[in-house]
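Each chain is listed here by its residues.
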Amino acid sequence: MLVAAGVFPHPPVLVPGVAGQRSADLDGTRANCELALNRLFDADPELVVVLGGDDRTACHGSDVTGTLAPYGQATTFGDGSARLPLSLTIGRWLLESHLDRAACEFHSVAWNATPAECFRLGERIADRATQVALLVLGDGSACRTERSPGFLEPDAIAYDDHIAEALRGGDTTALAALRPETAERLLVAGRPAWQVLAGAASERSPVGELLDYSAPYGVGYFVASWRFAGSSPRSGRAERDRAEALTE
Amino acid sequence: MRTTVRFRGRELGTQRPLVMAIVNRTPDSFYDRGRTFEFDAALSAVDEAVADGADIVDVGGVKAGPGSVVGVDEEIERTAPFVTEVRRNFPDLVISVDTWRHEVGRAVCVQGADLLNDTWAGADPKLVEVAAEFQAGYVCSHTGGAAPRTRPHRVRYEDVVRSVVDETTRQAEHAAEIGVPTDGILIDPTHDFGKNTRHSLALLRHTDQLVATGWPVLMALSNKDFVGETLGTELSERVTGTLAATALAARDGATAFRVHEVRQTRQVLDMVAGITGEREPASTVRGLA
């Protein structure tokens, strides 16, 4: 059962030093990440599942290494045998000073996974232990302005605003309803990971808090913390039906 | 060792590296911001570039970055009549055109262009066929598969130098195979295109590996973002960094440099060639009178 979740950005520049003298640009976001991490562990999870997008869906286990070498920066985190994609590398970096607080597993979800596949993966992840916390890596649109990496799409900021509201409100229905084709067009990296979160949290009643929503380099970054009121599970049928319908 | 290059019969010696002057017939290119968009302004820029020592002029009709759409017809209208006029004014000048579209390549070759600078790495596979048909030169680029006019976003390489060597030599061999004259084929690591600043710096650090392929290397470094990010400077303060990169790449054997500042680049290249011994000093009276 899911006991807590945190949502985090995953650009390489989140790691201090990668951006050189401009590293301080993200100091505020890093501080909010730390806040969200502490809230996640305050829920006393027995297992933390780190979840982010990649070319394929896979469980990488806990014996992992994350590296920024493909991005030109010879920095690694961990020394395990499985090599992590970027999203989970940033997750591994975020956990660097929290590794003794709970067992951790790293899972990737394919960029092109359907909403229904994401939802079911979330349900399975929530069942992996009695007390599971989900550390979700996902970014908003890279098409917010003419200076964005993906240039300007007029609806990009409204899309990110919608995500911010969903994360703020713990709105699993809104996340489950995101359309893959829109996310792809707007260069939104977070869509599959957020939909896994929707599946994992579907039988709970999330109380969301948005700790950070910014775009200093033209890409939407979110930091959010979800906790769950009460202990009685509710049915996640509505969200599941919506995700299934989107996939058909 | 630099070898002689030849584009539609126009031979360029390589006692020192060659200078390719950028002349953009665009209203929005990142550095000149439309300064040579007008026909006559662009012609004057060619005059100036030649007077300053350019070996090649590279005419562009579409800015590299994202922006307003320029269709095939408009790109041809911006480039082909201009090539005609430059050819009339400078019968022996090597004229290059920066395009990824085969329709444009054909139109400018008909008007006398000698070299097709395919900056988007064969995004239109028919462009190299046009080079073969007209026996023109061809630049083989590396973008990591990026679509034309897109910016890099979290691009990654296991080994960026290996990726560039593999991709550009594969294209060069293909170009030669389909009939592009081998002494008119250049390879360009294409700094900033599909690369972050650390990738671009690695490619300069390992220029020797690009040169070791045996294909002449074109370096397009001029005032690019990787220079600005390395120095922490804005667009107007990138010339010094560009020239430093130019000097090192020249020392390591690059054959040609695509530049905005022709006169300064020529001086840097002449000086480097003087240091390496490839070029005799212009005058040596000091202490010898």
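The name given to chain B in an unreviewed UniProt entry is Dihydropteroate synthase, with Actinopolyspora mzabensis as the source organism. Note on chain B: under the UniProt heading Cofactor (unreviewed entry), the record states "Mg(2+)".

An unreviewed UniProt entry lists chain A under the name Catalytic LigB subunit of aromatic ring-opening dioxygenase, with Actinopolyspora mzabensis given as the organism.

Trainee: Run through the environment of Phe82 of chain B, naming residues and quoting values.
Mentor: Its place among the elements puts Phe82 of chain B in helix H2 (residues 72-89). Non-local contacts of Phe82 of chain B, meaning those with residues more than four positions away in its chain, are made with Arg25, Phe39, Ala42 and Val59 of chain B.

Trainee: So what's going on with the environment of Glu167 of chain B? Which residues, and what values?
Mentor: Residues and elements named next belong to chain B. By secondary structure assignment, the location of Glu167 is in helix H5 (residues 160-177). The exposure class of Glu167 is buried, given the 21 C-beta atoms found within 10 Å. Considering only alpha carbons, one finds Glu167 and Ala212, 45 residues apart in sequence, at a separation of 14 Å.

Trainee: Mind laying out the sheet that holds strand S6 (residues 115-118) of chain B, listing which residues take part and the relevant values?
Mentor: Residue and element names in this part refer to chain B. Pairing is parallel across the open sheet formed by eight strands, whose spatial order is S8-S7-S6-S5-S4-S3-S10-S9. Since the sheet does not close on itself, it has two edges, and those belong to strand S8 (185-187) and strand S9 (218-220), each with one partner. On average, each strand axis in the sheet is inclined to that of its neighbour by 25°, with strand direction left out of account. Pairing of strand S3 (residues 18-24) with strand S10 (residues 256-259), which is carried by four bridges, proceeds in the parallel orientation. Looking at the pairing, Met20 lines up with Arg258 of S10. In the packing of helix H4 (residues 126-134) onto the sheet, contacts are made with S6 and strand S7 (137-140), and the angle to S6 comes to roughly 165°. Most of the contacts of H5 go to S8, to which it runs at about 170°, and overall it touches S7 and S8.

Basis of the calculations
- Residues numbered from 1 in each chain as written.
- Chains lettered and ligands numbered in written order.
- Predicted model: local features only at pLDDT ≥ 70, side-chain atom pairs only at ≥ 80, totals over all residues.
- UniProt positions renumbered as here; feature names shortened; annotations may be inferred.
- Helix = DSSP H or I, 4+ residues; strand = E, 2+ residues; numbered from the N terminus.
- Contact = placed C-beta atoms within 7 Å.
- Buried ≥ 20, exposed ≤ 12 C-beta atoms within 10 Å, placed from the backbone.
- Pairing = 2+ DSSP bridges.
- Axes fitted to C-alpha atoms, helices over the stretch in contact; angles between N-to-C directions.

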